[in-house]
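Chain residues, written in single-letter form:
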Amino acid sequence: MDTHGRKRTVAAPRLTAALGLLLAVGVLAQGLTAGAFLQGDGQWHPWHEALGDALVLPPLISLVVALALFRRQPDTPSVLATRIVLLALVVIAIGAGHAGKSMLVVHIPTAIAVVGIAVRQATGFARIAEPQSGQPARSGYPDPEERSPSETKRRG
Ligand code: HEM
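Not measured: the values here are computed from a predicted model. (Residues numbered from 1 in each chain as written. Predicted model: local features only at pLDDT ≥ 70, side-chain atom pairs only at ≥ 80, totals over all residues.)

S.K.: I'd like a rundown of the nonpolar core, residues and numbers included.
M.R.: Formed by L19, L23, A24, V27, L55, L86, L89, V90, A93, A111, V114 and A118, the largest nonpolar core amounts to twelve residues. If you list the elements that add at least two residues to this core, you get α1 (13-38), α4 (77-98) and α5 (104-125). What A111 contacts, discounting residues up to four positions off in sequence, is V27, Q30 and A93. One finds A17, A66, V79 and F125 within the second-largest nonpolar core, a separate group that totals seven residues. (Core = buried A, V, L, I, M, F, W, Y, C linked by C-beta atoms within 7 Å. Buried ≥ 20, exposed ≤ 12 C-beta atoms within 10 Å, placed from the backbone. Helix = DSSP H or I, 4+ residues; strand = E, 2+ residues; numbered from the N terminus. Contact = placed C-beta atoms within 7 Å.)

Listed below in structure tokens is the structure:
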């Protein structure tokens, strides 16, 4: 539940999870290609650049789908904010990468943050059932305020 006691909802949870997984795997591949070209194997540099530019697509699609479904399956604001932040971080990582070595101090931490958020989307949303038409999907984020039925019995 959010701070107002409403249940969190997420638009297209399985697609969001799949795009999160794709992004996380893509950034790991970026670590590999970067490692390879930093070791002196220059042929990996264009691969890193091309894959890096392409990695804007998963968070962009995720945000566009969420906005397109906004009337039918609205994201809870925090879920929508996460999509926006993820897209912004990937754009920053791409910009910092193109800016060259002097911006690696921004580039690498941003990429690490992207993996963290993308993995959270991938694992948090993967098990949520797609909603029936007109019904919002519940988020898979752990909810500290929500009790399981057995807990409710125990605590009364
Ligand atoms: C979100 C993930 C990432 C994206 C979108 C991304 C994207 C890019 C782009 C577009 C470039 C510019 C290439 C060029 O213009 O020649 C670049 C450069 C670079 N990236 Fe990444 N990258 C990512 C992750 C990483 C990671 C994880 C590492 C290392 C751990 C890394 C290390 C580097 C290095 C060393 C450069 C070259 C900087 C230079 O010498 O000009 N990147 N990256």
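S.K.: Tell me what's going on with the site of the ligand, and back it up with residues and numbers.
M.R.: Around the ligand there are 23 residues in total, and Q30, A34, G52, G97 and A111 lie nearest to it. Only α1, α2 (44-54), α4 and α5 provide two or more residues apiece to the shell around the ligand. Each residue belonging to the shell around the ligand can be placed in one class, and the counts come to eleven nonpolar, nine polar and three charged. (Near = placed C-beta within 6 Å. Nonpolar A, V, L, I, M, F, W, Y, C, P; charged D, E, K, R; others polar.)

S.K.: Could you give an account of the packing of α1 against α5, naming the residues involved and the relevant values?
M.R.: Direction vectors running N to C along α1 and α5 enclose 145°, while the axes themselves pass 7 Å from each other. Seen from above, α1 lies across α5 with left-handed handedness. Listed contacts from α5 to P13, T16, A17, G20, L21, L23, A24, V27 and Q30 of α1 are A111, V114, V115, A118, V119, Q121, A122 and F125. Here the contact of α1 with α5 is composed, by residue class, of 13 nonpolar, four polar and no charged. (Axes fitted to C-alpha atoms, helices over the stretch in contact; angles between N-to-C directions. Left-handed = near helix turned anticlockwise from the far one by under 90°.)

S.K.: Please provide a residue-by-residue account of the UniProt feature "transmembrane region" (unreviewed entry) in the protein, values included.
M.R.: In the numbering adopted here, UniProt assigns the feature "transmembrane region" (unreviewed entry) to residues 53-70, 77-96 and 102-119. Taken end to end, residues 77-96 is 100% helix and 0% strand, and its two terminal C-alpha atoms sit 28 Å from one another. Between the C-alpha atoms that bound residues 102-119 there is a distance of 28 Å. The span itself is 89% helix and 0% strand. (UniProt positions renumbered as here; feature names shortened; annotations may be inferred.)

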